[in-house]
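Understanding the architecture of this molecule
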Amino acid sequence: MSWDLWGPLILCTFLAVVVLPDGREIHDGGPQFAEVFIIVWAGAAVVTLNSKLLGGNISFFQSVCVLGYCLLPGCLSLIVCRILLFFSHSTVAFIIRFLVSCLGFAWATFAAMMFLSDSQLQARRGLAVYPIFLFYLVISWLIVSNTS
Amino acid sequence: MAANVPLLESDDVLEFGEEDEPKGRFKHPMVVLFHVGFRSAALVVYMLCGWFDVSFIGSFVTTILLLSIDFWTVKNITGRILVGLRWWNFIDEKGQSHWVFEARKSGSQGRVSSTEARIFWTALVVFPVLWGVMLLVAVVTLKIRWFVLDCIALSLNCSNLWGFVRCKAGGSETSVTDSVKNMASSLMRQQMLANMASMFTRSPPNAGGSNSNV
């Protein structure tokens, strides 16, 4: 499978631009903007290192590429959350946003698992999947907390 | 008309009609422009937005866009056209990743213009240094947001530099330090030969040294 990092870069930039909380000026950006970049790229690197150290048979850039592209469900859930936020700020809307984010998180983790756990031994699959789970959990939490 | 046998051991035979090309004219002016243009634009946008306090996000996204365009252009286009080098990565069926570094053999498809090559390498080396300076400035003044941008810029620029140095150094067989030493010694050898050649061809004014009309 050939890899490229353009998709992850675009998705990461999109995530960083759209995830800003309401009321913050575009001018300032706050720490969240750079934070998203650091979380995504450093997180992907750490997860990849973890799989490689556990004896995985996948190249570094391929793994980072897969993790980056699996940000897509997160971006989609972010778009849905934003649209919902535009219409109402009620508790019901929050519950719907929360569920949408959970769905995005589950989809992303599942997709990444499909790609990356094939290269792991059966006994260590859990150890390899747990950081992926954490990675997307943090990103989904970012999405939910910043669109409230 | 005896052919001019070059004193240096190189197969850079001039193509017919190319002897009259004036030195300093670019063979690929647009390529040179784009090679230097995107890098300079990225650095200029970064510096201007940092100093004039323009919107951070806008400048961040613009800088990253320019850096990405520059990376792609240098890796795929200007490296190939200006100096005949290219590098890439491919994954084989077993899932192993291979890095391939290739250099075009001189003389097969036109020579590499030395002015353009000089500009290429200069730009390739100077900009990572400049970005490194920006990184240090961001660290010292504790501007973490700009630090992230500097890291990205440095990684993109240095990866191109690394790739082309590996190409120049002859691919993955030889180690880079050995190849750099080889390059330096061959450069010195060429310089010495050129000096000797100029000494011999600089004949004194009243000696019958010219052999052009036989």
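Residues numbered from 1 in each chain as written. Chains lettered and ligands numbered in written order. Predicted model: local features only at pLDDT ≥ 70, side-chain atom pairs only at ≥ 80, totals over all residues. Heavy atoms only, no water.

**Digging into the overall build of chain A**
Which entries qualify depends on this criterion: In DSSP terms, a helix is any run of H or I states spanning at least four residues, a strand is any run of E spanning at least two, and both are numbered starting from the N terminus. For every residue, the accessible area (1.4 Å probe, protein chains only) is compared with the maximum for its type, and the residue is labelled buried under 20%, exposed over 50%, or partly exposed between those bounds. Pairs of residues are marked as contacts when any of their non-hydrogen atoms sit within 4.5 Å. For the area figures, the Shrake-Rupley method with a 1.4 Å probe applies, and any residue is considered shielded solely by the protein chains shown.
A tally of helices and strands in chain A yields six helices and zero strands. Helices and strands appear in chain A in the N-to-C order α-α-α-α-α-α. Per-residue burial for chain A yields a buried fraction of 47% across its 148 residues. Across chain A, contacts joining residues at least 24 apart in sequence account for 76% of those joining residues at least 6 apart. Carbon and sulfur atoms make up 76% of the accessible area of chain A, which amounts to about 7,500 Å² in all.

**Concerning the interface of chain A and chain B**
The criterion, for reference: By definition, the buried area sums, over both parts, the 1.4 Å-probe accessible area that each loses when the two are put together. Salt-bridge detection follows one rule: a side-chain nitrogen of Lys or Arg within 4 Å of a carboxyl oxygen of Asp or Glu. Polar contact criterion, stated in full: a pair of N or O atoms within 3.5 Å, where within protein one must be able to donate a hydrogen and the other to accept it, and residues adjacent in sequence count only if both atoms are side-chain atoms. All residues other than Ala, Val, Leu, Ile, Met, Phe, Trp, Tyr, Cys, Pro, Asp, Glu, Lys and Arg, Gly among them, are scored as polar; the first ten of these are nonpolar and the last four charged.
Opposite the 20 residues of chain A that make contact, chain B presents 21 residues. Between chain A and chain B the total buried area reaches about 1,600 Å² when both faces are included, carbon and sulfur atoms providing 72% of it. Counting across the interface, chain A meets chain B through zero salt bridges. Counting across the interface, chain A meets chain B through one residue pair in polar contact (both at pLDDT 80 or more). Of all elements in the fold, only α1 (6-18), α2 (30-53) and α3 (60-69) of chain A reach the threshold of two or more residues within the side of chain A that touches chain B. Of all the elements, α2(A) adds the most residues to the side of chain A that touches chain B, at five residues. A breakdown of the residues in the side of chain A that touches chain B according to their chemical character gives twelve nonpolar, seven polar and one charged.

**Some words on the side chain of T63(B)**
All names here are of chain B. Turning to its location among the elements, T63 is positioned in helix α2 (residues 56-83). When its relative accessible area of 0% is taken as the criterion, T63 is described as buried. In this structure T63 touches A42, V45, Y46, W131 and L149, once residues within four positions along its chain are discounted.

**Description of the packing of helix α4 (residues 72-87) of chain A against helix α5 (residues 91-116) of chain A**
When two helices pack together, you describe them by how their axes are tilted relative to each other and by the distance separating the axes. Residues and elements named next belong to chain A. Counted only if it meets this: Axis lines are fitted to C-alpha atoms, over the contacting stretch for helices. Their N-to-C directions set the angle, which ranges from 0 to 180 degrees. To sort the angles, those under 35 degrees are grouped as roughly parallel, those over 145 as roughly antiparallel, those from 65 to 115 as roughly perpendicular, and the leftovers as oblique.
Where α4 contacts α5, the axes come no closer than 8 Å and their chain directions differ by 170°. When the interaxial angle is binned, α4 and α5 end up roughly antiparallel. Every residue of α5 that contacts α4 at P73, L76, S77, V80, C81, L84 and L85 is listed here: I96, R97, V100, S101, G104, W107 and A108.

**Observations regarding a nonpolar patch on the surface**
Condition: Patch definition: residues with relative accessible area over 30% and no salt bridge; like charges joined within 9 Å; nonpolar side chains (Val, Leu, Ile, Met, Phe, Trp, Tyr) joined within 5 Å.
On the surface, a cluster of nonpolar side chains totalling about 860 Å² of accessible area is made up of F14(A), L72(A), L76(A), I79(A), I83(A), F86(A), F87(A) and W107(A). The class of I83(A) is partly exposed, set by a relative accessible area of 47%.

**Concerning the state of the cysteines**
Here a disulfide denotes a covalent bond joining the sulfur atom of one cysteine to the sulfur atom of another. All names here are of chain B. The cut-off we apply is this: In this description, the term disulfide denotes a pair of cysteine sulfurs within 2.5 Å.
By the definition in use, this model includes zero disulfides over all chains. For the unlinked cysteine C49, the closest cysteine sulfur is that of C151, found at 18 Å. There is no disulfide at C167, and the cysteine sulfur nearest it, in C158, is 16 Å away. C167 sits in the buried class, given a relative accessible area of 2%.

**A few points about the UniProt feature "transmembrane region" (unreviewed entry) in chain B**
Residue and element names in this part refer to chain B. Definition in use: UniProt positions are given in the numbering used here, feature names are shortened, and annotations may be inferred rather than shown by experiment.
As annotated by UniProt and renumbered to match this structure, "transmembrane region" (unreviewed entry) occupies residues 54-72 and 119-140. When the span residues 54-72 is considered, its composition is 89% helix and 0% strand, and the gap between its end C-alpha atoms is 27 Å. Structurally, residues 119-140 is divided into 100% helix and 0% strand, and its ends, taken at the C-alpha atoms, are 31 Å apart.

**So, the UniProt feature "transmembrane region" (unreviewed entry) in chain A**
Residues and elements named next belong to chain A. Here, the residues flagged by UniProt with the feature "transmembrane region" (unreviewed entry) are residues 37-54, 66-88, 94-115 and 127-144. A distance of 26 Å separates the end C-alpha atoms of residues 37-54, which is 94% helix and 0% strand. Between the C-alpha atoms that bound residues 127-144 the distance is 26 Å, and the span itself is 100% helix and 0% strand.

**Some details on the nonpolar core**
The criterion, for reference: Nonpolar cores are built from buried Ala, Val, Leu, Ile, Met, Phe, Trp, Tyr and Cys residues. Side-chain atoms within 4.5 Å join them into one set.
Of all hydrophobic cores here, the largest spans 73 residues; its most connected members are L15(A), F37(A), L67(A), Y136(A), F60(B) and W131(B). Residues in contact with F60(B), not counting those within four places in the same chain, are F33(A), F37(A), R145(B), V148(B), L149(B) and I152(B).

**Quick look at the pattern of salt bridges**
All names here are of chain B. Applying the stated rule across the entire model yields two salt bridges over all chains. Across the pair R39 and D70 runs a salt bridge, and its minimum N-O distance is 3.0 Å. Residue R39 is found in helix α1 (residues 29-52), and its partner D70 is found in helix α2; the two are separated by 31 residues along the sequence. No difference in accessibility class separates R39 from D70, as the two residues are buried. Note that R86 and E102 form a salt bridge whose closest N and O atoms lie 2.8 Å from each other. Taken together, the positions of R86 in strand β1 (residues 85-91) and E102 in strand β2 (residues 97-103) put the pair 16 residues apart, joining distant regions of the chain. By relative accessible area, which is 37% here, R86 ends up partly exposed.

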